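Analysis of the macromolecular model
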Amino acid sequence: MGSQSEKWDRLAYAHNREREIASHAYLDLIACRNTENVKLALELKLGSPMVIEVPYILELIGDVQGKRVLDAGCGGGFYSLLLSERGAAVLGIDSSDDMIKIAKQKALKDRLDAEFLTGNLSDLKIQDEEFDLVLSTLVLMDVKELDRTIAQLVRAVRKGGAIILSVQHPILTAGSWERKEGEKLFRKLDHYFTERELETVWETHEKELVSFKYYHRSLQAYVQPFLERACVLTHLIEPRPHEVYKTLNLQEYEDAQRIPHFVILRFHKISLSDSCG
């Protein structure tokens, strides 16, 4: 079976390469650039819906020059390295040894001064209020100890700093498509408020099937723990795909115009005295 981190190790190189090519291709298409990444993404049919959030996340992050950033659940370092290029001092942490190895190799190749460590997000080995920004994209729905992990993210950011995260939208995890003769009629939702463990299966390049556990949780389950820790919700975004996403994945483009695939949240950490007026 293996732990979640061990399973990610088995998928690390293929998943990281495909996500990186697709994400850069998507950004290039939005900017009307016909690049090698665009050609590769089209040739290899790389159009994961995960890319839909990327331009929204980057716009929300804004200027990071001189800022200290924690990328919690950094994977192969996609966001970490982009932010390092833009002048941030970045620490990326992930539970997968192989993902961290990939991130370190890319940082060395591109001569970027980003630091990467293997670690457990529910038990971060860092100082309190060490970062100006904490970023955690498409991670918390995979975390079993959600409240403990959120406590660690809040602890890591300074007062006045920001936490930006994304998760699969609960609409996706609470239901499935009602179909008739293959046509998707509408999304069925049930037991929205019942937290539960789910399972998905990914295929490696060697055609090995690897199963992963993740969780359905309500939107409140993700938001409330931050509010209880002196954080203010400043942004809630349900990202829709750019028109150019049709080029990469027409079916997912059409689906994502009907229901949101992801939700992006930005919190501002305040002092308790501020919250009391």
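In this report, the structure presented in the accompanying data block is examined. Within every chain, residues take consecutive numbers counted from 1 along the sequence as written. Where totals are concerned, whole chains, interfaces and linings use all residues; where local detail is concerned, this predicted model gives features only for residues with pLDDT of at least 70, and gives and counts side-chain atom pairs only at 80 or more. Only hydrogens and water are removed before side-chain values are computed, so all heavy atoms of the structure are retained for them.

**Quick word on the side chain of Lys106**
Filter applied, for reference: Each helix is a run of H or I in the DSSP string that is no shorter than four residues. Each strand is a run of E no shorter than two, and both are numbered from the N terminus. Only heavy atoms matter for contacts: two residues are in contact if any of them lie within 4.5 Å across the pair.
Locating Lys106 in the fold gives a position in helix α5 (residues 97–109). Those residues in contact with Lys106 that lie beyond four places of it in its chain are Asn16, Glu20, Gly76, Phe78 and Leu81.

**Concerning the sheet that holds strand β4 (residues 131–137)**
Which entries qualify depends on this criterion: A pair of strands is considered paired only if DSSP assigns at least 2 bridges between the two. Only the stretch in contact is used when fitting a helix axis, every axis being a line fitted to C-alpha atoms; angles between N-to-C directions are given from 0 to 180 degrees.
The sheet built from 7 strands is open, its strands ordered β3-β2-β1-β4-β5-β11-β10 with mixed pairing. A strand with exactly one partner marks an edge of an open sheet, and here the two such strands are β3 (115–118) and β10 (231–237). Within this sheet the neighbouring strands show an average axis-to-axis angle of 15°, counted without direction. Here helix α6 (residues 146–156) sits on the sheet in contact with β1 (68–72), β4, β5 (157–168), β10 and β11 (262–269), set at roughly 140° to β5.

**Thoughts on the side chain of Asp28**
To be explicit about the condition: Summary of the burial criterion: residues with accessible area below 20% of their type's maximum are buried, those above 50% are exposed, and those between are partly exposed, where the area comes from a 1.4 Å probe applied to protein chains only.
Secondary-structure assignment places Asp28 in helix α1 (residues 4–30). Looking at Asp28, the relative accessible area reads 9%, which means it is buried. Filtering out sequence-adjacent residues up to four positions away, Asp28 remains in contact with Arg33, Thr35, Asn37 and Val38.

**Quick look at the nonpolar core**
Cut-off, in case you're wondering: Residues grouped as a nonpolar core are buried Ala, Val, Leu, Ile, Met, Phe, Trp, Tyr and Cys residues, joined through side-chain atoms within 4.5 Å.
Counting 32 residues, the largest nonpolar core has Leu70, Leu140 and Ile163 as the members making the most contacts within it. Only β1, β2 (89–94), β4, α6, β5, α8 (219–227) and β11 provide two or more residues apiece to this core. Of the residues forming this core, the biggest block, 5 residues, is contributed by α6. Contacts of Leu140, omitting those with residues within four sequence positions, involve Leu146, Thr149, Ile150, Leu153, Leu165, Val167, Arg217 and Tyr222.

**Focus: the packing of α6 against α8**
Stated formally: Oblique is the label for any angle not under 35 degrees, not over 145, and not in the 65 to 115 range, which are roughly parallel, roughly antiparallel and roughly perpendicular in turn. Throughout, a crossing is termed right-handed when the near helix is turned clockwise from the far one, and left-handed when it is turned anticlockwise from it by less than a right angle. Under the scheme applied here, ten amino acids are nonpolar (Ala, Val, Leu, Ile, Met, Phe, Trp, Tyr, Cys and Pro), four are charged (Asp, Glu, Lys and Arg), and all others, including Gly, are polar.
Where α6 meets α8, the axes come as close as 10 Å, and the angle between the chain directions of the two elements is 45°. Between α6 and α8, the crossing angle belongs to the class labelled oblique. Here the hand of the crossing between α6 and α8 comes out right-handed. Contacts between α6 and α8 involve Leu146, Asp147, Ile150 and Val154 from the former and Ala221, Tyr222, Pro225 and Phe226 from the latter. Looking at the contact of α6 with α8 residue by residue, the classes come out as 7 nonpolar, no polar and 1 charged.

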